[in-house]
Amino acid sequence: VLSSFGGPEVIRVVGELPLPRVAPHEVLVRVLAAAVNPLDCRVRAGYGRAVYEPLLPLVLGRDLSGEVVAAGGAARAFPVGTHVFGALSPVAAAGTHAEYVAVPEAHLARKPSCLTHEEACAIPFAALTAWRALFAAGGLAAGERVLIMGGGSSVGTAAAQLALARGCQVAATCGPRSRARLGSLGVTQLADYTAGAEGAVGAVARREGWAPFDVALDTVGTRASERGAVGLLRKGLGRYVTLHGQLAGLVGERGIITGGAAAAVELARKKVLHRLSDDVGYHWAVMRQDADAMAEIGWLARAGRLEVALGWTLPLEEAARAHALAEDSSIGGKVVLTPY
């Protein structure tokens, strides 16, 4: 439970809480594994304070995999006993770092039998974020070329697999640690961001004939990653999509109404700027629930075509340590909590 903002030490494990109430279109899930996402760590540290502070005390956690133990009166998709996986809204106050959680059934899919609960829970939030960025914001279509800045991240890896499954050509930047993994997933156009000027994505893409790209997804969010990606897009039709837009930050600082209005103005300004200076589209992407996306993610995971690497698995009692590990850039893969 998070009652105040700060470092990992502010997280408290509470022994007994009432079971969540189940709304008509929800199911009650016994959580068997739940991932720790970067958003969990950022919220704990005070990100989006205007949104999350009124929700305190709150339970963190967005991803889950577990077993349905009860269903609301209008819930029909998952009978009691079904093993499911999915993700909650980014602003849910009752998260998945718990033994039980109530979840709208539209936010779930059947857990692939080929995956453990630990493996399954690592997928949904990253994959939904990637899906929304590529297809909802970026409009990526079969046969197009996509560049992923930060392909070694959970979202970047998920994006690469989703794009490949749609029949797209995929290039990505990554570090040496992620190169073999991305290659094993079928991404052959890789630029090492640690290799200096000769290894920079712009130099490699032009030398190897990868560019121009139709869509660039930026999971890094630096000025350099933005300029590097924008410069490789197809003029007129190329679309730049960043996961580091200012909507959440401005809403968190100024509240929903004032912050939302400021974000709309800033996004419009950047759209005009990039169209005039670079002749490309500019888009912000945020994770949101999408039943069609979750259905596709479930199908791909069951087919063995979508996975996210695991790092550490810890008991729920070690949630504070899990946050510290999740913030450690030297740790590869998702950190997962298991309540039992």
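Rules and cut-offs
Residues numbered from 1 in each chain as written. Predicted model: local features only at pLDDT ≥ 70, side-chain atom pairs only at ≥ 80, totals over all residues. Heavy atoms only, no water. Core = buried A, V, L, I, M, F, W, Y, C linked by side-chain atoms within 4.5 Å. Buried < 20%, exposed > 50% of the residue type's maximum accessible area, 1.4 Å probe, protein only. Helix = DSSP H or I, 4+ residues; strand = E, 2+ residues; numbered from the N terminus. Phe/Tyr/Trp six-rings, centres within 6.5 Å; stacked < 30°, edge-to-face > 60°. Lys NZ or Arg CZ within 6 Å of the ring centre and 35° of its normal. 1 Å grid on protein atoms, 1.4 Å probe; cavity = no way out; pocket = protein on both sides within 12 Å on 5 of 7 lines; lining within 4 Å. Points joined across faces, edges and corners; volume = space filled by probe spheres on them. Nonpolar A, V, L, I, M, F, W, Y, C, P; charged D, E, K, R; others polar. Pairing = 2+ DSSP bridges. Axes fitted to C-alpha atoms, helices over the stretch in contact; angles between N-to-C directions. Contact = heavy atoms within 4.5 Å.

Draft legend 1. Structural view of the nonpolar core. Formed by 53 residues in total, the largest nonpolar core has its most connected members in Ile123, Leu134, Leu140, Val146, Leu162 and Leu306. Among the elements of the structure, α1 (38–45), β3 (83–87), α4 (124–137), β6 (145–149), α5 (154–165), β7 (169–174), β9 (215–218) and α11 (291–302) are those that each provide at least two residues to this core. Here the element with the most residues in this core is α4; it accounts for 10 residues. Membership of the second largest hydrophobic core comes to 21 residues, among which are Phe213, Ala229, Leu233 and Tyr282.

Draft legend 2. How the structure looks around the packing of aromatic side chains. According to the stated counting rule, one finds two aromatic pairs in the structure shown. Between tryptophan 131 and phenylalanine 135 the ring centres are 5.5 Å apart and the planes differ by 70 degrees, which places this aromatic pair in the edge-to-face class. Of the two residues, tryptophan 131 and phenylalanine 135 are both situated in helix α4; the distance of four residues between them amounts to about one turn of the helix. Looking at arginine 30, its charged tip hangs above the ring of tyrosine 340, at a distance of 5.1 Å from the centre. Sitting over the ring of tyrosine 47, arginine 42 keeps its end group 4.0 Å from the ring centre.

Draft legend 3. Region of the structure containing the layout of surface pockets. As a volume, the second largest pocket reaches approximately 830 Å³. If you go around the second largest pocket, you meet 36 residues; those closest to its centre are Leu17, Val59, His97, Ala98 and Glu99. At the level of elements, β4 (100–104) and α12 (319–326) are the ones that each hand at least two residues to the lining of the second largest pocket. Within the lining of the second largest pocket, the residues separate by chemical class into 26 nonpolar, six polar and four charged.

Draft legend 4. Representation of the sheet that holds strand β8 (residues 189–192) within the structure. The parallel open sheet is built from six strands, whose spatial order is β8-β7-β6-β9-β10-β11. Strands with a single pairing partner mark the edges of an open sheet, and in this sheet they are β8 and β11 (281–284). When strand polarity is set aside, the average angle formed by the axes of neighbouring strands in this sheet is 15 degrees. With four bridges joining them, β9 and strand β10 (residues 239–242) adopt parallel strand pairing. The partner of aspartate 218 across the bridge, within β10, is threonine 242. Across the sheet, helix α6 (residues 176–184) touches β7 and β8, and the angle it forms with β8 is around 175 degrees.

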